[in-house]
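# Fold and geometry: a report
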Amino acid sequence: MLSVVIPAYNEAGAISQAAQSIGQVLRNADIPYELIFVDDGSADSSWEEIMQTAEQDPTVRGISFSRNFGKEAAIFAGMEVSKGECCAVMDCDLQHPPEKLPEMYALWQQGWEVVNGVKTDRGQESGLHSFAAKTFYSIMSKAIRLDMSRASDFKLMDRRVVKTLLDLSEHKTFFRALVAWAGFRTAEVEFSVAERTVGDTHWSTASLFRYAISNIAAYSSAPMQIVTVLGVLTLLLSLVLGVQTLVNWACGGAADGFTTVIILMLLIGSILMISLGIIGYYIAQIFIEVKARPRYLVARACGQERNGQV
Ligand code: UDP
Ligand code: MG
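Presented here is a report on the structure given in the accompanying data block. Only a predicted model underlies this, so the values are computations on that prediction, with no experimental measurement involved.

Here the focus is the site of ligand 1. Residues in close proximity to ligand 1 total 16 residues, the closest being Glu11, Asp40, Asp93, Gln95 and Thr201. Here Lys71 contributes a backbone N or O atom positioned 3.5 Å from a nitrogen atom of ligand 1. A distance of 2.5 Å is found between an oxygen atom of ligand 1 and a side-chain nitrogen or oxygen belonging to Asp93. Protein coverage of the free-state accessible area of ligand 1, which is 530 Å², stands at 85%. Residues belonging to the shell around ligand 1 are distributed by class as follows: 5 nonpolar, 5 polar and 6 charged.

This is how it looks when you write it as structure tokens:
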């Protein structure tokens, strides 16, 4: 059986349509399936929609978070309750084409353990947005030493991969990077990002920026090394200026150079503060991980087999 995990946050208008289109494609291809909608603490009537869809369609199940925990948490929660031998993850807004699922399923049957949906294009994005995305993915690709530039959350994974991911204890997850990190035999299926059918994207530029920074920090300690590099650079600079100051003193012109002192103080002061900030960020991440709070809290569940249990 194929489990399809669909995170949904304020997607009331998209849920029944998603269930229909995905179900249709899978029935036509004769693939046994279940659909798992994860309501990520929506503020609209998404959960009611999910319950209604589950009532009419026995292949649909749903769980609902106690509040908004984010898409990453929703993906993991869906995988946790999935029962299929393979598990697909896709967006609720049908930007990931369901028509690709049979192709991905066929690859899984041929023995591929991870089937990645890769974007042939990034849909319609503004110039600045696509520049920022490019920079982020090139840093991430270096951090995990795998090409992430066309990666997406549209994936199909074997149960073994799902289990590997679920066994990871880290609180801060970045699904597409973790799947790449896990390895396994990986195939690719290309898709082009469709336009959103209903509603609007949940990502503002600021939230994408925060997301990028926290993911880079979670997968790479390079920013910490920048601190070391800056330290070495200021050391070199201080050697040069130190020699110059001594020469000045020896020649009897020591009172000069007040400008240099001010510039140096400003420079070193800012480098120190930036460095403390970077180190502080990592300490904050460690603090979050050490607390080991659950990634999400499930408040409600619906659909067959679960019998309303959470
Ligand atoms: N999503 C979620 N929790 C969030 C934000 C988004 O579960 O806090 C879901 C959303 O319902 C959708 C998917 O993640 O199914 C992708 O979100 P969106 O379409 O807003 O992102 P984009 O496609 O613009 O990257
Ligand atoms: Mg979308």
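Still to come is the rest of the account.
Below, the discussion takes up the sheet that holds strand 7 (residues 186-191). Within the open sheet, the 8 strands sit side by side as 7-5-6-4-1-2-3-8. Their pairing is mixed. The sheet terminates laterally at strand 7 and strand 8 (298-302), the two strands that pair on one side only. Direction aside, neighbouring strands of the sheet carry axes that sit 20 degrees apart on average. One ladder, built from 4 bridges, connects strand 4 (residues 86-89) with strand 6 (residues 155-158); its direction is antiparallel. From the neighbouring strand, Ala88 faces strand 6, where its bridge partner is Leu156. Lying on the sheet, helix 1 (residues 15-28) is in contact with strand 1 (2-8), strand 2 (33-39) and strand 3 (60-65); it crosses strand 2 at an angle near 160 degrees. Relative to strand 6, helix 6 (residues 159-167) is tilted by about 95 degrees, and along the sheet it contacts strand 4, strand 5 (114-119) and strand 6.

In this section: unusual backbone geometry. At Asp30, a residue that is not glycine, the phi angle is positive and equals roughly 65 degrees. With respect to the secondary-structure elements, Asp30 resides in the loop between helix 1 and strand 2. With relative accessibility at 71%, the residue Asp30 sits in the exposed group. For Phe184, which is not glycine, the phi dihedral falls at a positive 70 degrees. Structurally, Phe184 can be placed in the loop between helix 7 (175-182) and strand 7. Classification of Phe184 as partly exposed rests on a relative accessible area of 29%.

The geometry of an aromatic ring pair is captured by two quantities: the separation of the ring centres and the angle between the planes. Summed over the entire model, instances satisfying the criterion amount to 8 aromatic pairs. Aromatic side chains Phe76 and Phe175 sit 6.5 Å apart centroid to centroid with 85 degrees between the ring planes, which places their arrangement in the edge-to-face category. Residue Phe76 is found in helix 3 (residues 71-81), and its partner Phe175 is found in helix 7; the two are separated by 99 residues along the sequence. Taking the relative accessible area as the measure of exposure, Phe76 reaches 1% and is therefore buried. With a relative accessible area of 0%, Phe175 lands in the buried category. Among the aromatic residues, ring-to-ring pairing joins Phe136, Tyr137, Phe174 and Tyr211 into one connected group.

A word on the pattern of salt bridges. Inspection of every chain in the model, using the stated rule, returns 7 salt bridges. Residue Glu103 is joined to Lys100 by a salt bridge in which the shortest nitrogen-to-oxygen separation is 3.7 Å. On the basis of relative accessibility, which here comes to 40%, the residue Glu103 falls in the partly exposed class. Judged by its relative accessible area of 24%, Lys100 is partly exposed. Each member of the salt-bridge network shares a partner with another, and the members are Lys71, Asp91, Asp153 and Arg176.

Thresholds, definitions, all that
Residue numbers here run from 1 along each chain, matching the order of that chain's written sequence. Starting at A for chains and at 1 for ligands, labels are handed out in the order in which the entities are written. With the structure being a predicted model, the display of local features is reserved for residues of pLDDT at least 70 and the display and counting of side-chain atom pairs for 80 or more, all residues being used for whole-chain, interface and lining totals. Side-chain calculation: all heavy atoms of the structure are included, whereas hydrogens and water are not. Throughout, near means a residue has at least one heavy atom within 4 Å of the molecule or strand. N or O atoms within 3.5 Å of each other form a polar contact, as long as, within protein, one can give a hydrogen and the other can take it, and as long as residues adjacent in sequence are counted only when both atoms are side-chain atoms. Only the protein chains shown count as cover for residues, and all accessible areas are computed by the Shrake-Rupley method using a 1.4 Å probe. Here the term charged refers only to Asp, Glu, Lys and Arg, the term nonpolar to Ala, Val, Leu, Ile, Met, Phe, Trp, Tyr, Cys and Pro, and the term polar to all other amino acids, Gly among them. Pairing between strands is defined by DSSP: at least two bridges between the two strands are required. Segments assigned H or I by DSSP are reported as helices when at least four residues long, segments assigned E as strands when at least two residues long, and all are numbered from the N terminus. Axis lines are fitted through C-alpha atoms, for helices just across the contact stretch, and the angle between N-to-C directions can take any value from 0 to 180 degrees. Should any heavy atoms of two residues lie within 4.5 Å, those residues are considered in contact. In this scheme, a residue with accessible area under 20% of its type's maximum is buried, one over 50% is exposed, and one in between is partly exposed, where area comes from a 1.4 Å probe on protein chains only. To pair, rings of Phe, Tyr and Trp, with the six-membered ring standing in for Trp, must have centres within 6.5 Å; the planes then decide the type, stacked if under 30 degrees apart, edge-to-face if over 60, and tilted in the middle. When a carboxyl oxygen of Asp or Glu lies within 4 Å of a side-chain nitrogen of Lys or Arg, that pair is called a salt bridge.

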